[in-house]
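Overview (structure and organization)
Below are the chains, spelled out letter by letter.
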Amino acid sequence: MPARRAPGPGACSESAALVRSTEGMAYTEEGGSMLGSSGPPLGGGVGGGGGGGGGTGHDLEDDFECRRVSTDISLLSQFHEDAIRQAGFGYFQWMLMLVAGLGLATDSVELFVIPYILPSAEVELCITGAEKSWLLAITLLGMAVGGVVWGDLADRMGRRRTLLSALSVNAVFSVIAALMPTYGTFMTARFCSGVGIGGSLPVVLAYYSEFLSKADRGRYLSWLLMFWALGGVFAALIGWLVVPRTGAGVVVENKEHFSAWHQYLLLCSLPSIAAVICLSFVPESPRYLLEAGREVEAMMVYQRIYKTNNMHNPASHAQYQLSELELPSKRPNTRGMSAPSSPGKSVLADMTYSIETFWNSFLQLFLPPHLRVTAVLVVLWFAAAFGYYGLTLWFPEYIKLLKERQYQMNRKLLTGEEYNNFTFSTSVENVRWNASNFTDGRFNHLTLSHVTFDNCSLENVEFANIQSSRTYFRDSVIKDCKFVDTDLKIKHFEGCELINNTFIVLTTVCQLDFDYNIHLEDVFQENLVGQLSLIPGAFLSAFVVDRLGRVKVIGLSMFLSSVAAIFIWFLESGTSVIIFEAIFNFIFIAGWNAIDISTIESYPTHLRTTGYGLLSAVCRVGGLVGVATLGGMVAASRAVPMLTTAAVLLIGGIISVKLPESSSVLL
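How each quantity is defined
- Residues numbered from 1 in each chain as written.
- Predicted model: local features only at pLDDT ≥ 70, side-chain atom pairs only at ≥ 80, totals over all residues.
- Heavy atoms only, no water.
- Phe/Tyr/Trp six-rings, centres within 6.5 Å; stacked < 30°, edge-to-face > 60°.
- Helix = DSSP H or I, 4+ residues; strand = E, 2+ residues; numbered from the N terminus.
- Buried < 20%, exposed > 50% of the residue type's maximum accessible area, 1.4 Å probe, protein only.
- Lys NZ or Arg CZ within 6 Å of the ring centre and 35° of its normal.
- Axes fitted to C-alpha atoms, helices over the stretch in contact; angles between N-to-C directions.
- Parallel < 35°, antiparallel > 145°, perpendicular 65-115°, else oblique.
- Contact = heavy atoms within 4.5 Å.
- Nonpolar A, V, L, I, M, F, W, Y, C, P; charged D, E, K, R; others polar.
- Expected span 1.5 Å × (residues − 1).
- pLDDT = per-residue confidence, 0-100.
- Pairing = 2+ DSSP bridges.
- Lys, Arg positive; Asp, Glu negative; His and termini not counted.
- Salt bridge = Lys/Arg side-chain N within 4 Å of Asp/Glu carboxyl O.
- Patch = residues over 30% accessible without salt bridge, like charges linked within 9 Å, V, L, I, M, F, W, Y side chains within 5 Å.
- Areas by Shrake-Rupley, 256 points an atom, 1.4 Å probe, with all protein chains shown as cover.
- Left-handed = near helix turned anticlockwise from the far one by under 90°.

Attention now goes to the packing of aromatic side chains. Each aromatic ring pair is specified by the distance between its two centres and by the angle formed by the two planes. By the definition in use, this model includes 54 aromatic pairs. With a centroid separation of 5.5 Å and an interplanar angle of 90°, the aromatic rings of Trp94 and Tyr220 are classed as edge-to-face. Of the two residues, Trp94 is situated in helix α3 (residues 91–125) and Tyr220 in helix α8 (residues 214–242); the sequence distance between them amounts to 126 residues. Trp94 sits in the partly exposed class, given a relative accessible area of 40%. The interplanar angle of 85° and the centroid separation of 6.0 Å between the aromatic rings of Phe493 and Phe503 together place this pair among those described as edge-to-face. A residue pair is termed long-range when its members are at least 10 positions apart, and Phe493 in strand β12 (residues 493–494) and Phe503 in strand β14 (residues 502–504) qualify at 10 residues. Sitting above the plane of the Trp569 ring, Arg638 keeps its charged end 5.7 Å from the centroid.

Let us now look at the packing of helix α4 (residues 129–157) against helix α19 (residues 608–631). Interhelical geometry of α4 versus α19 gives an angle of 170° and a closest axis separation of 6 Å. Between α4 and α19, the angle is such that the two are roughly antiparallel. In contact with Leu136, Ala137, Leu140, Leu141, Met143, Ala144, Gly147, Val148, Gly151, Asp152, Ala154 and Asp155 of α4, α19 contributes Arg608, Thr609, Thr610, Gly613, Leu614, Ser616, Ala617, Arg620, Gly623, Leu624 and Val627. When grouped by side-chain class, the residues that make up the contact of α4 with α19 number 12 nonpolar, seven polar and four charged.

Spanning 16 residues, helix α17 (residues 550–565) covers 22 Å between terminal C-alpha atoms, matching the ideal 22 Å at 1.5 Å per step. Inspection of α17 places Arg550, Val551, Val553, Ile554, Gly555, Ser557, Met558, Ser561, Ser562, Ala564 and Ala565 among the buried residues, and these make up the whole buried set.

To continue, consider the confidence of the model for the protein chain. The predicted coordinates of low-pLDDT regions are not to be read in fine detail. Averaged over all residues, the pLDDT of the protein chain equals 82, while 82% of them reach at least 70. Across residues 1–69 the pLDDT falls below 50, and counting only partners more than four positions away or on other chains, this stretch makes 120 contacts in the model. Contacts from residues 330–340, a stretch scored under 50 in pLDDT, to residues over four places away or in other chains number 35 contacts.

This part is about the pairing of strand β7 (residues 437–454). Pairing of strand β4 (residues 418–420) with β7, which is carried by three bridges, proceeds in the parallel orientation. Directly across from Glu418, in β7, lies its bridge partner Asn437. Sheet analysis places strand β5 (residues 423–424) next to β7, joined by two bridges and oriented parallel. Directly across from Phe424, in β7, lies its bridge partner Phe443. Looking at chain direction, β7 and strand β9 (residues 472–474) are connected through three bridges and run parallel. Counterpart to Asp454 in the pairing with β9 is Arg474.

So, about the side chain of Glu526. In this fold, Glu526 is placed in helix α16 (residues 520–544). Buried charge Glu526 goes without a salt bridge, the closest partner of opposite sign being Lys403 at 12 Å.

A few words now on a nonpolar patch on the surface. A cluster of nonpolar side chains, Leu548, Leu556, Phe559, Leu560, Val563, Ile566, Phe567, Trp569, Phe570, Leu650 and Ile654, forms an exposed patch at the surface whose accessible area comes to about 1,000 Å². Those elements giving two or more residues to the nonpolar patch turn out to be α17 and α20 (639–655). Of the residues forming the nonpolar patch, the biggest block, four residues, is contributed by α17. Residue position: Ile654 is located in helix α20. Residue Ile654 is classed as exposed on the basis of its relative accessible area of 54%.

So, on to unusual backbone geometry. Pro369 follows Pro368 through a cis peptide bond whose omega is 5°. Here Pro369 lies in the loop between α14 (347–365) and α15 (371–409). For His445, which is not glycine, the phi dihedral falls at a positive 50°. Note on placement: His445 falls in strand β7. Classification of His445 as exposed rests on a relative accessible area of 56%.

Another aspect to go through is the pairing of strand β6 (residues 428–434). Relative to β6, strand β3 (residues 412–415) runs parallel, the two sharing four bridges. Across the sheet, the residue bridging to Leu414 is Trp433, located in β6. Alignment of β6 against β7, held across six bridges, turns out to be parallel. When the sheet's bridge partners are listed, Arg432 is paired in β7 with Thr452.

Per the stated rule, a full pass over the model turns up 18 salt bridges. Salt bridges sharing partners connect three or more residues here, namely Asp155, Arg159, Glu210 and Arg608.

What follows is about the packing of α17 against helix α18 (residues 574–601). The interhelical angle for the contact between α17 and α18, taken along N-to-C directions, is 150°, at an axis separation of 8 Å. On the basis of their axis angle, the class for α17 and α18 is roughly antiparallel. For the crossing formed where α17 meets α18, the hand is left-handed. Packed against α17, whose contacting residues are Arg550, Val553, Ile554, Ser557, Met558, Leu560, Ser561, Ala564 and Ala565, the element α18 presents Phe580, Phe584, Ile587, Phe588, Ala590, Gly591, Ala594, Ile595, Ile597, Ser598 and Glu601 at the interface. Looking at side-chain class alone, the contact of α17 with α18 contains 14 nonpolar, four polar and two charged residues.

Right, here's the structure in full:
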């Protein structure tokens, strides 16, 4: 059956309408062309006039011009919808989903590598706890900056070109970060890598959405978002295979010239590199090309989609039946992407012009008709990121706290022991000696982990080639002892009487007291289960986001997530935490996917990635606040993270009712 031809400009104006409200601007296929609820009807053509209303001739002329421009944009959206429908959904969109999915997976990989490299980075770079916390913060800050920058560029330079540039920056600096030998250079490379990947989320989703018809958009964008979870699964599996899983293993392995965590970072840059390569073979968004006035190129993209989707269908010999001749007439220059050229008088003038253009794009997001929807989405993005990222950090840290408490309960207490002419040559862990005497003996070539000497007496004892972790001498008498090639420093002797002792350090060691009681398999398991639970949740959202609508899915998901957060109070074991995280993520991801889709649909083409980029920056800031807030509450009562998370998500659920439903919007 031959595909139907798209209606011409006159016919389009009868089937497409522009609905302007305080929530924002949306283009639907309902009723005749009309501006607002009380304005006069528009005529049949692009320049068709409706009459009515009082006012001066100048006001009428401005009003007529505004309506003409709005109608042209509405017609362009309708033309794009008809063109995509005729091109169909098939091999091309599936192939593009894989390419875009690689870029989306890179975003989650960039975040989830941090917990796996922290122990190794702490040892090799000799960084403090505060410096470790900045590793995640600098990545989120870089992503926030990248979201704003790349989002604006994608509206002015094109989706594919911008995405290719952003992922290239990420790939280059991810590799550089894996090779950096110092904390400062590593942090700089991580920030630049974050700036690069910051453009992935807003540009990828906008790019892919502009190859989908209205009927397919919600379902296939939800499926695309599953790649974000797959990126987390990839990071966990590669970490399981490469990174040492215990604190002692980290210390031993870091003596290698090119240690495992550097190799892990290199492997985690593969999705970004693959995305850059694949993007070289896909076209620019046809919707962007239409908006930029590049109609011939847009038609070539539509034809390419049609041919690719029908290349294995021998029964289909029909040619693509749309051409640029059926496009709406040329539109006046009202978009930032087609702004007049820079004056070009000097470099300073060019820079000033670019900054002004950049600022004006963002200013439009906070002016009618976009102000209300932007304000609502800012609250939703912040609440969602606060809850998800905050709990993503809290879960593994709380599991670690539970294991630490259990570890302390299993501590071996030895009181009043006597050791004469002794030799310890095997590692000692989780032991407390109290009021014990050590005379004429040796601790040789071993590890002391979580060992305490309380009120003990040590005389003529040699400690040789010792590695220690959380080992202390308290209120003890230490006489004529020798410490050769150990990492025991004065700070490890608290309230002790030191008499005629010798300290010989043959190697340079980090002054930090690294905790060997680290079991990264718990982190791998927790994160793997958490990320896997997102996949069925995203799959389910693909079937409900169109049937229920974006707003209902957001409100219901955030409300149920808020209720689920109350059960944090009952988490008393590592297993219960993992099960709760899986359930929470399954419920939560449907709402977050709906927020993603609604954001795409809430802005016109020339502001789509600018708005999304700003909101992705809000997301990173919200995540940073959530991590800082809930991360500091791990040792506190479970009531604090429970109530904080539940309240924030409940506020998001309530605010979501103010978001206009966008499922019928034409891009």
